[in-house]
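One-letter residues, chain by chain:
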Amino acid sequence: MSLKKIEKKVLSGKRLTEEECLLLFKSDDLFTIGRLANHVAEQKNGNNVYFVNNHHINPTNVCVNRCTFCAFSKSKGEKGAYELDIRKILNKLKTQNSKRKTQFSEVHIVGGLHPEWTFDFYLELTRAIKKALPSLHIKAFTAVEIDHFAMISGLSLANTLRSLKDAGLESMPGGGAEIFNTRVRNKICPEKISGRRWLKVMETAHKAGIRTNATMLYGHLETYRHRVEHMMKLRELQDKTNGFQAFIPLAFHPMNTTIEGAEYTSGIDDLKTIAISRLMLDNFDHIKAYWVMLGEKIAQLALKFGADDLDGTIIEEKITRSAGKLASDAMTRDELITLIQKAGKVPVERDSFYNPV
Ligand code: V47
Ligand code: SF4
């Protein structure tokens, strides 16, 4: 098997195998991999690169899971633990909206698994946002949170999701996937739901008509083979449901985490992972270069290596920041546009379903 054979397959639109994906990870020919990924990205999305005018809210950092890679979470009562109530969250959203030249179109809400909060709190929060800002798209709660809500409410996954949808939830982010491999998962997030359960929650969401994203946390204890297995499982589920919108490789940040010997990922690894995901996940429409984790410059380069989405304006990102974020806190619409144009691509402001706005 050679890169030449893989090139032929990619150019003729054939699906890559697990072994071919592994060979790509082991290859040093980053430029060939990037060129092929860019070719696929252009076939799917032309020269367009999408971004969204959005705002992140993390209602609490109190979390019962305490994953070893997570520098954001705290235990209840620990110094630095915080809890936002509905009024504070609404105030944040309204203040941000009034400060901006153009109003943001999406709120992205994820947080810790609080040991005392009830499912009703999350339903009320969702309803309150929808009532106060009806045109705002609510993209909220990872599969891990959804599983937690089902547990504390005693509802089935389907009914938990249906209740949230009725309250105003419109789509879900892709967090909590980490790495599906059980051995690695038990080391980096022993208390978290299994990879199999994460996939089950997403399958149920897709069946309920809720579109979601998918992520993969890389650069910690996993091997290339684990990354390949992870992508294969996502590709299989996408074949079944077609409910995923974007895949987002998340570059591990090591500061304040308890993963021993952990380092920042290299720019080479970041670009390779973006490009290979574009080549492997032939049934995903979008690959997101999440600039908050990649840094602005690697995210810009990623646009030549298969990525077609940068995410958005963000504001107040806390998860990466706690773990030693190198990127800046927020990017304005104008900065995102310039970054994309300087990569020779066409900036397209999108809504949460990738319709141009
Ligand atoms: O699930 C936690 C990751 C995720 C660290 O769907 C870390 O559009 C790196 O999923 N280093 C939450 N990563 C963020 C997330 C996300 C972000 C942007 C867009 C979307 C989307 C989803 O952050 C967690 C975990 O995988 N994370 N700690 C860390 N030290
Ligand atoms: Fe909790 Fe999520 Fe952090 Fe894990 S990654 S400790 S589940 S907030």
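About the cut-offs
- Residues numbered from 1 in each chain as written.
- Chains lettered and ligands numbered in written order.
- Predicted model: local features only at pLDDT ≥ 70, side-chain atom pairs only at ≥ 80, totals over all residues.
- Heavy atoms only, no water.
- Patch = residues over 30% accessible without salt bridge, like charges linked within 9 Å, V, L, I, M, F, W, Y side chains within 5 Å.
- Areas by Shrake-Rupley, 256 points an atom, 1.4 Å probe, with all protein chains shown as cover.
- Salt bridge = Lys/Arg side-chain N within 4 Å of Asp/Glu carboxyl O.
- Helix = DSSP H or I, 4+ residues; strand = E, 2+ residues; numbered from the N terminus.
- Buried < 20%, exposed > 50% of the residue type's maximum accessible area, 1.4 Å probe, protein only.
- Axes fitted to C-alpha atoms, helices over the stretch in contact; angles between N-to-C directions.
- Parallel < 35°, antiparallel > 145°, perpendicular 65-115°, else oblique.
- Left-handed = near helix turned anticlockwise from the far one by under 90°.
- Contact = heavy atoms within 4.5 Å.
- Nonpolar A, V, L, I, M, F, W, Y, C, P; charged D, E, K, R; others polar.
- Phe/Tyr/Trp six-rings, centres within 6.5 Å; stacked < 30°, edge-to-face > 60°.
- Near = heavy atom within 4 Å.
- Polar contact = N/O pair within 3.5 Å; in protein donor to acceptor, adjacent residues only side chain to side chain.

(A) View of a nonpolar patch on the surface. There is a patch of nonpolar side chains on the surface, built from Met-255, Tyr-264 and Leu-326 and spanning about 310 Å² of accessible area. Tracing the backbone through its elements, the reader meets Tyr-264 in the loop between strand 7 (244-251) and helix 11 (267-280). Residue classification places Tyr-264 among the partly exposed positions, given a relative accessible area of 32%.

(B) Quick look at the pattern of salt bridges. Summed over the entire model, instances satisfying the criterion amount to 25 salt bridges. Between Arg-15 and Asp-282 there is a salt bridge whose closest N-O contact spans 2.9 Å. A residue pair is termed long-range when its members are at least 10 positions apart, and Arg-15 in the loop between helix 1 (3-11) and helix 2 (18-26) and Asp-282 in the loop between helix 11 and strand 8 (286-287) qualify at 267 residues. With a relative accessible area of 32%, Arg-15 lands in the partly exposed category. The exposure class assigned to Asp-282 is partly exposed, which follows from its relative accessible area of 28%. We note a salt bridge from Glu-19 to Arg-225, for which the minimum N-O separation is 3.5 Å. Remark: Arg-225 occurs in helix 10 (residues 224-241) and Glu-19 occurs in helix 2; sequence separation between them is 206 residues. Through salt bridges that share partners, Lys-4, Glu-7 and Arg-35 make up one connected network.

(C) Quick look at the packing of helix 3 (residues 30-45) against helix 11. Relative to each other, helix 3 and helix 11 sit at 45 degrees, their axes nearing to 8 Å. Relative to helix 11, the element helix 3 lies oblique. Crossing angle aside, the handedness with which helix 3 passes helix 11 is left-handed. On helix 11, the residues touching Leu-30, Ile-33, Gly-34, Leu-36, Ala-37, Val-40, Ala-41 and Lys-44 of helix 3 are Ile-268, Leu-271, Lys-272, Ala-275, Ile-276, Arg-278 and Leu-279. Its residues assigned to classes, the contact of helix 3 with helix 11 shows 11 nonpolar, 1 polar and 3 charged.

(D) The arrangement of the packing of aromatic side chains in detail. All chains considered together, the criterion is met by 13 aromatic pairs. Measuring from ring centre to ring centre gives 5.0 Å for Phe-25 and Tyr-224, while their planes differ by 20 degrees; the resulting arrangement is stacked. Linking Phe-25 in helix 2 with Tyr-224 in helix 10, this pair joins segments that are 199 residues apart in sequence. Judged by its relative accessible area of 31%, Tyr-224 is partly exposed. When the ring of Phe-121 is compared with that of Tyr-122, the centres are 5.3 Å apart and the planes differ by 85 degrees; the resulting orientation is edge-to-face. Comparing Phe-121 with Tyr-122, the two get one shared label, buried.

(E) Examining the site of ligand 2 more closely. As a matter of local geometry, ligand 2 sits amid Cys-63, Asn-65, Arg-66, Cys-67, Phe-69, Cys-70, Ser-73, Gly-112 and Lys-192. Of the residues in the shell around ligand 2, the class split is 4 nonpolar, 3 polar and 2 charged.

(F) Region of the structure containing the site of ligand 1. Taken together, 23 residues surround ligand 1, and among them Lys-139, Gly-174, Gly-176, Glu-178 and Lys-288 come closest. The separation between an oxygen atom of ligand 1 and a polar side-chain atom of Lys-139 is 2.8 Å. In the model, an oxygen atom of ligand 1 is placed 2.7 Å from a nitrogen or oxygen of the Lys-288 side chain. For ligand 1, whose accessible area on its own is 610 Å², the fraction buried by protein is 96%. Of all the secondary structure elements, the ones that give two or more residues to the shell around ligand 1 are strand 6 (211-218) and strand 7. Among the residues forming the shell around ligand 1, the class breakdown is 12 nonpolar, 7 polar and 4 charged.

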